[in-house]
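# Structure at a glance
The primary structure of each chain is shown beneath.
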Amino acid sequence: MDFTVKYDVAVVGAGVAGIAAALAAARRGHKVALIEKQTLIGGLATSGLIYIYLPLCDGKGTQVIKGISEEMLYRSLEFSQFDLPKEWGGAGISEVGQRFNRLRVDFSPAGFILSLDEMLAEAGVDLWLDTRVCAVQKSGDKVTALEVENTSGRILVQAGAFVDASGEAIIVRRAGGAVECDYNNLSLWLIENTPEAQDSTYYFGKTLRVKPFMFAKNDIAPGDGMDGRKVTDFTRVCYKHLREFYRESYKTSSRYEHYPIHLPAMPQFRKIAAAKCRFMLDTKGYGVHHEDSIGLTGDWRAPGPVWETPLRSLVPETLDGVFAAGRCMGAINDAWEVYRVIPTAAMTGEAAGLAAALTVENKCDSRDLDYKLVQDALRKKDVPLHLRDVNLTAYTAD
Ligand SMILES: Cc1cc2nc3c(=O)[nH]c(=O)nc-3n(C[C@H](O)[C@H](O)[C@H](O)COP(=O)(O)OP(=O)(O)OC[C@H]3O[C@@H](n4cnc5c(N)ncnc54)[C@H](O)[C@@H]3O)c2cc1C
């Protein structure tokens with residue numbers, strides 16, 4: 001190691017989950033490092049050229065996500081051309097309207113980066129860009145330090161507790177913890193200039209739009225993002241499809257008006273690795289009461305289902321000192337679809353950041369942290385934890 005640094009909490013991954021985690025811990029007065037391998041923050045939401053902050057509501061008129069996730073949604077508006085829908089969900093809106101007229105907003109990925117960076121600066125988070133976690137040090141079950149690398153060399157980052165918001169469970173995997181994987185469809189979103197009609201939400205300007213591609217409906221990606229070689233293969237297969245797309249389009253349009261401008265800076269695997277946690281959220285887990293819930297989420301795909309989120313789904317089974325958040329937390333199958341999106345990832349990030357901070361404050365094993373402490377801290381921020389907190393009653397047995 002070239003040198004050693006010490007923090008109370010170290011968060012890996014400056015995607016929306018990691019940013020929410022770092023903000024939550026720093027706002028409690030802790031010294032927090034946020035380690036990101038790219039030079040852009042926001043993770044898939046920005047580097048993946050995603051532009052829809054999916055809903056904070058249940059699609060039936062009830063807001064279920066608040067806290068830092070809501071704060072981020074409002075901050076995302078400042079440097080963009082988009083507005084919140086005037087009316088979302090609720091009585092009198094058709095099923096189709098409930099699906100699309102929700103408490104969600106489109107955003108400019110570049111504008112969102114500017115806002116997120118300001119939020120981190122305001123909270124005093126120590127952001128480390130262009131810094132990759134390469135290895136993890138442990139003492140018994142306890143993760144004690146990260147070995148990271150950047151242009152200064154190899155650095156040891158010690159901390160009292162860690163949040164794995166890497167989208168690929170890198171801390172958990174490097175520490176020998178178990179993960180679950182899933183398939184991905186081939187997809188790639190890019191910014192392009194296009195002559196096509198402009199009345200679509202995909203447009204940023206007169207001709208500029210984000211063009212989402214799902215190549216052939218059932219085209220399964222080469223690999224799940226867990227293998228370095230396959231990350232390259234995935235990316236290059238997408239490029240090959242794009243070349244075919246543009247060459248085909250030039251049979252009827254001109255390259256002077258239809259051409260690519262920017263490609264995503266992250267491979268668009270929706271799911272890479274979910275940390276094996278003390279509780280794995282799974283298909284049809286909505287409406288279930290969890291005594292240790294740290295937040296709610298709706299289902300972005302359909303109005304109705306609301307999920308409580310047990311703290312246990314952020315606690316890797318075999319490791320002390322680590323919480324998982326965002327799209328690498330303990331959610332699989334259909335639950336992974338629900339939990340991997342921006343507002344929900346940020347909601348779990350805030351809880352994981354608080355849990356890490358409370359683990360340090362209470363000097364306890366992260367697996368033994370009293371969930372009521374996390375809940376108390378979240379309640380003080382007006383975050384709804386249980387269905388009953390938002391007057392919903394669809395409980396089934398835990
Ligand atoms: C094609 C596609 C379309 C989507 N569309 C939408 C949509 O319209 N709306 C929506 O809400 N969601 C959408 N999503 C999902 C959503 O964008 C992501 O799942 C969400 O942003 C994940 O956030 P996260 O913070 O959990 O993870 P990530 O965004 O993956 O962040 C993880 C961060 O960790 C960093 N990292 C990883 N490994 C290391 C390491 N070793 N060292 C240091 N840093 C590391 C990464 O660089 C990254 O910045 C879409 C996803 C895809 C793929």
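The structure we're discussing is the one just above.
Everything in this summary refers to the structure shown in the same document. All residue numbers refer to position in the chain's written sequence, counted from 1. Local features in this predicted model are restricted to residues of pLDDT 70 or higher, and side-chain atom pairs are both shown and tallied only at a pLDDT of 80 or more, whereas totals for entire chains, interfaces and linings draw on every residue. Computation of side-chain values: all heavy atoms of the structure, hydrogens and water removed.

## Section: the packing of helix 9 (residues 342-362) against helix 10 (residues 371-380)
Threshold: Axis definition: a line fitted to C-alpha atoms, limited for helices to the stretch in contact. Angles are taken between N-to-C directions and run from 0 to 180 degrees. Strands are runs of DSSP state E lasting at least two residues, helices are runs of H or I lasting at least four, and both sets are numbered from the N terminus onward. To sort the angles, those under 35 degrees are grouped as roughly parallel, those over 145 as roughly antiparallel, those from 65 to 115 as roughly perpendicular, and the leftovers as oblique. Note on convention: near helix rotated counterclockwise from far helix by under a right angle means a left-handed crossing. Clockwise means right-handed. The contact definition used throughout considers only heavy atoms, calling two residues in contact when any of these lie within 4.5 Å.
One can describe the packing of helix 9 onto helix 10 by two numbers: an axis separation of 9 Å at closest approach and a directional angle of 125°. One way to sum up the angle between helix 9 and helix 10 is to call them oblique. Crossing of helix 9 against helix 10: the hand is right-handed. Packed against helix 9, whose contacting residues are E350, A351, L354, A355, L358 and N362, the element helix 10 presents L373, V374, A377 and L378 at the interface.

## With respect to helix 7 (residues 228-249)
Quick note on the threshold: By this rule the span expected of a helix is its residue count minus one, scaled by 1.5 Å. Exposure categories follow from relative accessible area, calculated using a 1.4 Å probe and restricted to protein chains: below 20% of the type maximum is buried, above 50% is exposed, and the middle band is partly exposed. The arc in question is the one spanned by the directions pointing from the helix axis to the C-beta atoms. Two N or O atoms form a polar contact when they lie within 3.5 Å of each other; inside protein one atom must be a possible hydrogen donor and the other a possible acceptor, and for residues adjacent in sequence the pair counts only when both atoms belong to side chains.
Under the 1.5 Å per step criterion, the end-to-end length of helix 7 is 32 Å for 22 residues, consistent within 8% with the ideal 32 Å. Buried within helix 7 are the following residues: F234, C238, H241, L242, Y246 and S249. Down the axis, helix 7 shows its buried residues gathered within 135° of arc, on one side only. Those residues of helix 7 that are exposed and angled more than 90 degrees off the buried face are R229, R236 and R247. Where the residues of helix 7 are buried, they touch strand 10 (187-193), strand 11 (208-214) and strand 12 (259-262). Its side-chain oxygen placed 2.8 Å from the backbone nitrogen of R229, D227 serves as the N-cap of helix 7.

## Considering the environment of A355
With respect to the helices and strands, the residue A355 is situated in helix 9. Separated by 45 residues in the primary sequence, A355 and P310 have C-alpha atoms spaced 12 Å apart. When sequence neighbours within four positions are dropped, the list of residues in contact with A355 reads L311, F323, L369 and V374.

## Observations regarding a nonpolar patch on the surface
Operational definition: The patch calculation keeps residues exceeding 30% relative accessible area without a salt bridge and links them within 9 Å when they carry like charges or within 5 Å when they are nonpolar (Val, Leu, Ile, Met, Phe, Trp, Tyr). Residue exposure ignores everything except the shown protein chains as possible cover, and the areas themselves are Shrake-Rupley values with a 1.4 Å probe. When a carboxyl oxygen of Asp or Glu is within 4 Å of a side-chain nitrogen of Lys or Arg, the pair counts as a salt bridge.
A surface patch of nonpolar side chains, about 260 Å² in accessible area, is lined by Y250, Y259 and I261. The exposure class of I261 is partly exposed, given its relative accessible area of 47%.

## A look at the side chain of E308
For the record, the criterion: In this tally, Lys and Arg are treated as positive and Asp and Glu as negative; His is ignored, and so are the chain termini.
With respect to the helices, strands and loops of the structure, E308 is situated in strand 15 (residues 306-310). The charged side chain of E308 is buried without a salt bridge, its nearest counter-charge being R388 at 6.1 Å. A distance of 2.8 Å separates the side chain of E308 from the backbone nitrogen of H290, its partner in a polar contact. Among the polar contacts made by the side chain of E308, one reaches the side chain of H386 at a distance of 3.0 Å.

## Considering the packing of helix 3 (residues 68-75) against helix 9
Under the convention used in this document: Nonpolar residues are Ala, Val, Leu, Ile, Met, Phe, Trp, Tyr, Cys and Pro. Charged residues are Asp, Glu, Lys and Arg, and all others, Gly as well, are polar.
For the pair helix 3 and helix 9, the least separation of the axes is 8 Å and the interaxial angle reads 135°. With respect to helix 9, the element helix 3 is oriented oblique. Contact with helix 3, carried on its side by I68, S69 and M72, involves P343, A346, M347 and E350 of helix 9 and no other residues of that element. Along the lines of polarity and charge, the residues of the contact of helix 3 with helix 9 split into five nonpolar, one polar and one charged.

## A word on the packing of aromatic side chains
Note the following rule: Each Phe, Tyr or Trp ring (for Trp, its six-membered ring) is paired with any other whose centre lies within 6.5 Å, and the angle between the two planes then decides the class: stacked below 30 degrees, edge-to-face above 60, tilted in between. Only when the NZ atom of a Lys or the CZ atom of an Arg is both within 6 Å of the ring centre and within 35 degrees of the ring normal do we say a charge sits over the ring.
Scanning the model with the defined rule gives nine aromatic pairs in all. Pairing F245 with Y246 gives two aromatic rings, centres 4.9 Å apart and planes at 75°, and the pair type is edge-to-face. Under the relative-accessibility criterion, Y246 is labelled buried at 7%. Here W307 and Y339 contribute two aromatic rings whose centre-to-centre distance is 5.8 Å and whose plane-to-plane angle is 85°, an arrangement assigned as edge-to-face. Residue W307 is located in strand 15, and its partner Y339 is located in helix 8 (residues 333-339); the two are separated by 32 residues in the primary sequence. Considered together, W307 and Y339 belong to a single accessibility category, that of buried residues. Taken together through their ring pairs, the aromatic side chains of F213, F245, Y246 and Y250 make up a single cluster. Geometry around Y183 places K271 over its ring, the cationic atom sitting 5.1 Å from the centre.

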